[in-house]
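Chain by chain, the residues:
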Amino acid sequence: MDTNVIIAAFAVKAWKPLAAFFRLITTDSCTVEAATGDRSRRGYVPVDDAIVRETATIVKPTTKHLVQADLSLRGVFLDSGERDLLACAIAHPRAWILCSSDKAAVRALHVLGNISRAVSLEALTRAAKLGVSLKEPFTEKWMSNVRSQLELGML
């Protein structure tokens, strides 16, 4: 799960139920990003770092995995959290999905040939049977649109 998804899950009080339903994995950089920020900013959502660390598996990519990701994703600009997530995912090619509302992260999955592993927060909340209302970038409609644009070479 990337930073924005962690924040969105906290905003709708879905983090703990999701963590009880799924094995959530994120990176240290995403956890730090999610728990910090300008608290005076309108719409700021507080994220409890201790709860995230207690309920999710926190991973940190090795230098080797970061280099592999950078070489595999030339031309795709990712912020540090998404880059770290993808580096860890590339290092563990078995079953995983990436929950992100970031077009660049979804584009990176497309470049890697793993676009089917991109999932929306809405899809996760539905699977966990949580009735929450999410902003557009966290919906299945948004994810489907981004996937289609990538497949058609429009993004």
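The shown structure was predicted, so the numbers you read here are calculated from the model rather than taken from an experiment.

Draft legend 1. Representation of the overall build of the protein chain within the structure. What the protein chain contains, in helices and strands, is nine helices and four strands. Helices and strands in the protein chain line up, N terminus first, as α-α-β-α-α-β-α-α-β-α-β-α-α. Compactness check: the protein chain gives a C-alpha radius of gyration of 15 Å against a globular reference of 15 Å for 155 residues, within 12% of the reference. With the principal axes as the frame, the protein chain shows a C-alpha extent of 35 × 35 × 30 Å. For the protein chain, with 155 residues in total, the buried portion stands at 44%. Sequence separation of 24 or more characterises 63% of the internal contacts of the protein chain that already satisfy a separation of 6 or more. Total accessible area on the protein chain is roughly 8600 Å²; 53% of this is exposed by carbon and sulfur atoms. Within the protein chain, the 16 negative side-chain charges are centred at a point lying 3 Å from the centre of the 20 positive side-chain charges.

Draft legend 2. Spatial organisation of the pattern of salt bridges. Taken as a whole, this structure holds five salt bridges when the rule is applied. The shortest N-O distance in the salt bridge between Asp84 and Arg83 comes to 2.9 Å. The shortest N-O distance in the salt bridge between Glu122 and Arg126 comes to 3.2 Å. Of this pair, Glu122 and Arg126 both sit in helix H8 (residues 121-127), four residues apart, which is roughly one turn of that helix. You can call Glu122 buried: its relative accessible area is 18%. Taking the relative accessible area as the measure of exposure, Arg126 reaches 57% and is therefore exposed. What you see here is one network of salt bridges that share partners, running through Asp28, Asp49 and Arg53.

Draft legend 3. Seen up close, the nonpolar core. In terms of nonpolar packing, the biggest core is built from 44 residues, with Met1, Ile6, Phe10, Trp15, Leu18, Leu78 and Leu121 touching the most fellow members. Among residues more than four places away in sequence, those in contact with Leu78 are Leu73, Arg83, Leu86, Ala104, Ala105 and Ala108.

Draft legend 4. Structural context of the packing of aromatic side chains. The tally for this structure, following the rule as stated, stands at two aromatic pairs. Taking the centre distance of 5.7 Å and the plane angle of 20° together, the rings of Phe10 and Trp15 count as stacked. Trp15 matches Phe10 in its accessibility class, with the two residues each being buried. Taken together, a centroid distance of 4.9 Å and an interplanar angle of 75° make the contact between Phe21 and Phe22 edge-to-face.

Draft legend 5. Representation of the side chain of Ser101. Locating Ser101 in the fold gives a position in the loop between strand E3 (98-99) and helix H7 (103-111). Discounting residues that sit within four places of it in the chain, Ser101 has contacts with Asp2, Asn4, Val5, Pro137, Phe138 and Trp142.

Draft legend 6. Structural detail: unusual backbone geometry. In this structure, Lys13 takes a positive phi of about 55° despite not being glycine. Within the secondary structure layout, Lys13 lies in the loop between helix H1 (3-11) and helix H2 (15-21). Phi is positive for Lys129, close to 60°, though the residue is something other than glycine. For Lys129, the position within the fold is in the loop between H8 and helix H9 (140-151). You can call Lys129 exposed: its relative accessible area is 75%.

Rules of the game
Residues numbered from 1 in each chain as written. Predicted model: local features only at pLDDT ≥ 70, side-chain atom pairs only at ≥ 80, totals over all residues. Heavy atoms only, no water. Helix = DSSP H or I, 4+ residues; strand = E, 2+ residues; numbered from the N terminus. Rg over C-alpha atoms; globule rule 2.2 N^0.38 Å. Buried < 20%, exposed > 50% of the residue type's maximum accessible area, 1.4 Å probe, protein only. Contact = heavy atoms within 4.5 Å. Areas by Shrake-Rupley, 256 points an atom, 1.4 Å probe, with all protein chains shown as cover. Lys, Arg positive; Asp, Glu negative; His and termini not counted. Charge placed at Lys NZ, Arg CZ, Asp CG, Glu CD. Salt bridge = Lys/Arg side-chain N within 4 Å of Asp/Glu carboxyl O. Core = buried A, V, L, I, M, F, W, Y, C linked by side-chain atoms within 4.5 Å. Phe/Tyr/Trp six-rings, centres within 6.5 Å; stacked < 30°, edge-to-face > 60°.

Taken by themselves, the reported measurements are silent on function.
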